Amino acid sequence: MRQSLLLVLLVLFMTGMACFVGCTRDDLGIKDILIEDEKKPPHDRVNPDQWHFADIHFSNVDISISDNKPAEIMVTFTAGEHTNTCIFIDEIYQERNGNIISIWGTIATPKPNSGLICGAAVTEARGQVSLGTLSSFADGEYEVIGKKFRVEDGEIWITKNPDIKNIEIQISESRPAQVTVNVTGYFWEACIPFLETDHKQEGDTVYIQIIGEIPGGVHCPLIRYEDIKFDTPGLTKFQNQVSIGEFVAGKYRVVVNRKYYEFVIE
């Protein structure tokens, strides 16, 4: 009896070893499921009757360079928000056409009376897409979802805008009047040295552009509202005086990074 039991155990052990060597996970009934977003259920568990699918409207788009080797150019974004935690990015696609990169996809939110169990918190769906390795981009300027970056000699330079909070327009008493625009905003302290200011006048409109072309190795993320609200370390206030020239009597407009202001010379 003891010998028979040992024989059975030996057969089971050898069968298990054979399967360990020769059987696949599919043979064992085990499937590898890739989940891109921890909030996203696997596709074979998504019931279309419970979910509403819509095109993504991208916001809070930021470009960065990854820390891994080889370095990749990354695009992070907000895809939308919902009144509860049941929201996820369903699919993401991208296409490079010359120096223009297009990204599109779908987002899923629960249908009314879906029966899904969701948390009662307003939730944003955020995603990240790799555009590919830095080495796969030839020298030149590129644009993705309205954001620009430049590749030169294997390095990336990312165009970023400070947050403009306020401007004051100073008008001299002399005529024609000397006009100076005082700009106040917020930017990451490490990135302020890279800010550049340009201005031009077209008719009665003066365009002022304050941008930074930031090296990929300098950490300079997108500025979000909560960064300013909660005084994030590293975010600092800056002021910039821009002399825009002499003006005769009339009504004028100043555009600072797409924000409009008006002034009048009497």
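Just so you know, these numbers come straight off a predicted model, no measurement behind them. Counting restarts for each chain: residues are numbered from 1 in the order of the written sequence. A pLDDT threshold of at least 70 governs which residues receive local features in this predicted model, and a stricter bar of 80 or more applies before side-chain atom pairs are shown or counted, although totals over entire chains, interfaces and linings include all residues. Side-chain descriptors were evaluated using all non-hydrogen atoms of the structure, hydrogens and water having been removed beforehand.

A. Just unusual backbone geometry, in detail. For the bond from Lys-69 to Pro-70, the omega torsion is 0 degrees, close enough to zero to count as cis. Helix and strand labels come from DSSP, where a helix needs a run of H or I of at least four residues and a strand needs a run of E of at least two; each type is numbered from the N terminus. Mapped onto the elements, Pro-70 comes out in the loop between β2 (59–65) and β3 (72–82). That bond from Arg-175 to Pro-176 is cis: its omega, 5 degrees, falls within 30 degrees of zero. Structurally, Pro-176 can be placed in the loop between β10 (163–171) and β11 (177–188).

B. Quick look at the sheet that holds strand β6 (residues 123–133). Strands qualify as paired when DSSP identifies two bridges or more between them. Ordered in space as β2-β3-β6, the three strands form an open sheet in which the pairing is antiparallel. Strands with a single pairing partner mark the edges of an open sheet, and in this sheet they are β2 and β6. On average, adjacent strands in this sheet sit at an angle of 20 degrees to one another, irrespective of strand direction. Where β3 and β6 come together, 10 bridges link them in antiparallel fashion. Directly across from Ile-73, in β6, lies its bridge partner Gly-132. Under this scheme, a helix contributes an axis fitted over its contacting stretch, all axes are lines through C-alpha atoms, and angles between N-to-C directions fall in the 0 to 180 degree range.

C. View of the pairing of strand β15 (residues 250–256). In this sheet, β15 lies alongside strand β13 (residues 205–215) in parallel orientation, the contact comprising four bridges. From the neighbouring strand, Tyr-207 faces β15, where its bridge partner is Val-255. Relative to strand β16 (residues 259–265), β15 runs antiparallel, the two sharing seven bridges. Opposite Arg-253, over in β16, you have Glu-262 as the bridge partner. Hairpin remark: β15 followed by β16, antiparallel, with two residues in the connecting loop; positive phi at Asn-257, about 50 degrees.

D. Inspection of the packing of aromatic side chains at higher detail. Only the six-membered ring of Trp is used, alongside the rings of Phe and Tyr, when aromatic pairs are assigned; centres must lie within 6.5 Å, and planes under 30 degrees apart are stacked while those over 60 apart are edge-to-face, with the rest tilted. Per the stated rule, a full pass over the model turns up nine aromatic pairs. An angle of 70 degrees between the planes, with centres 5.8 Å apart, marks the rings of Phe-137 and Phe-149 as edge-to-face. Of this pair, Phe-137 sits in the loop between β6 and β7 (140–144) while Phe-149 sits in strand β8 (residues 147–152), and the two are 12 residues apart along the sequence. Here the aromatic rings of Tyr-252 and Phe-263 are separated by 5.3 Å at their centres, their planes lie at 20 degrees, and the arrangement is stacked. Linking Tyr-252 in strand β15 with Phe-263 in strand β16, this pair joins segments that are 11 residues apart in sequence. Its relative accessible area of 5% is what places Phe-263 among the buried residues. Throughout this description, buried means an accessible area under 20% of the type-specific maximum (1.4 Å probe, protein chains only), exposed means over 50%, and partly exposed covers the range between.

E. Main features of the state of the cysteines. Cysteine sulfurs are considered disulfide-paired once they come within 2.5 Å of each other. By the definition in use, this model includes one disulfide. The partner cysteine of Cys-86 in its disulfide is Cys-118, sulfur to sulfur 1.9 Å. Handedness here is read from the sign of the S-S torsion; for Cys-86 and Cys-118, about -105 degrees, the answer is left-handed. In this pair, Cys-86 is assigned in the loop between β3 and β4 (88–97) and Cys-118 in the loop between β5 (100–110) and β6, connecting sequence segments 32 residues apart. When its relative accessible area of 11% is taken as the criterion, Cys-86 is described as buried.

F. Highlighting the sheet that holds β10. If you trace the three strands from one edge of the open sheet to the other, you get β10-β11-β14, paired in antiparallel fashion. Each of the sheet's edge strands pairs with one partner strand only, and the pair in question is β10 and β14 (235–247). Strand-to-strand, the axes of this sheet are offset by a mean angle of 20 degrees, without reference to chain direction. Across eight bridges, β10 lies against β11 in antiparallel orientation. In the strand pairing of β11, Ile-164 is matched with Gly-185.

G. Fine view of the confidence of the model for the chain. Taken as a whole, the chain shows an average pLDDT of 85; of its residues, 83% reach a score of 70 or greater. The predictor's confidence in any single residue is recorded as pLDDT, a number from 0 to 100. Confidence scores differ between elements of the chain, with helix α1 (residues 2–22) showing the lowest mean pLDDT of 41 and β7 the highest of 97. Predicted confidence for residues 1–37 stays below pLDDT 50, and this span has 12 contacts to residues more than four positions away or in other chains. Only heavy atoms enter the contact rule, under which two residues are in contact if any of them lie within 4.5 Å.

H. Spotlight on the nonpolar core. As used in this record, nonpolar core signifies buried Ala, Val, Leu, Ile, Met, Phe, Trp, Tyr and Cys residues forming a set joined through side-chain atoms within 4.5 Å. Within the largest apolar cluster, 26 residues are counted, with the highest numbers of intra-cluster contacts made by Phe-187, Ile-208, Ile-244, Phe-247, Val-254 and Phe-263. Counting residues per element, the ones that place at least two in this core are β10, β11, β13, β14, β15 and β16. No other element matches the six residues that β11 contributes to this core. Every residue in contact with Val-254, bar those within four places of it in the chain, is listed here: Ile-167, Ile-169, Val-181, Val-206, Ile-208, Ile-244, Lys-259, Tyr-260, Tyr-261 and Phe-263. Counting 23 residues, the second-largest nonpolar core is a separate cluster that includes Val-75, Ile-103, Ile-107 and Val-129.

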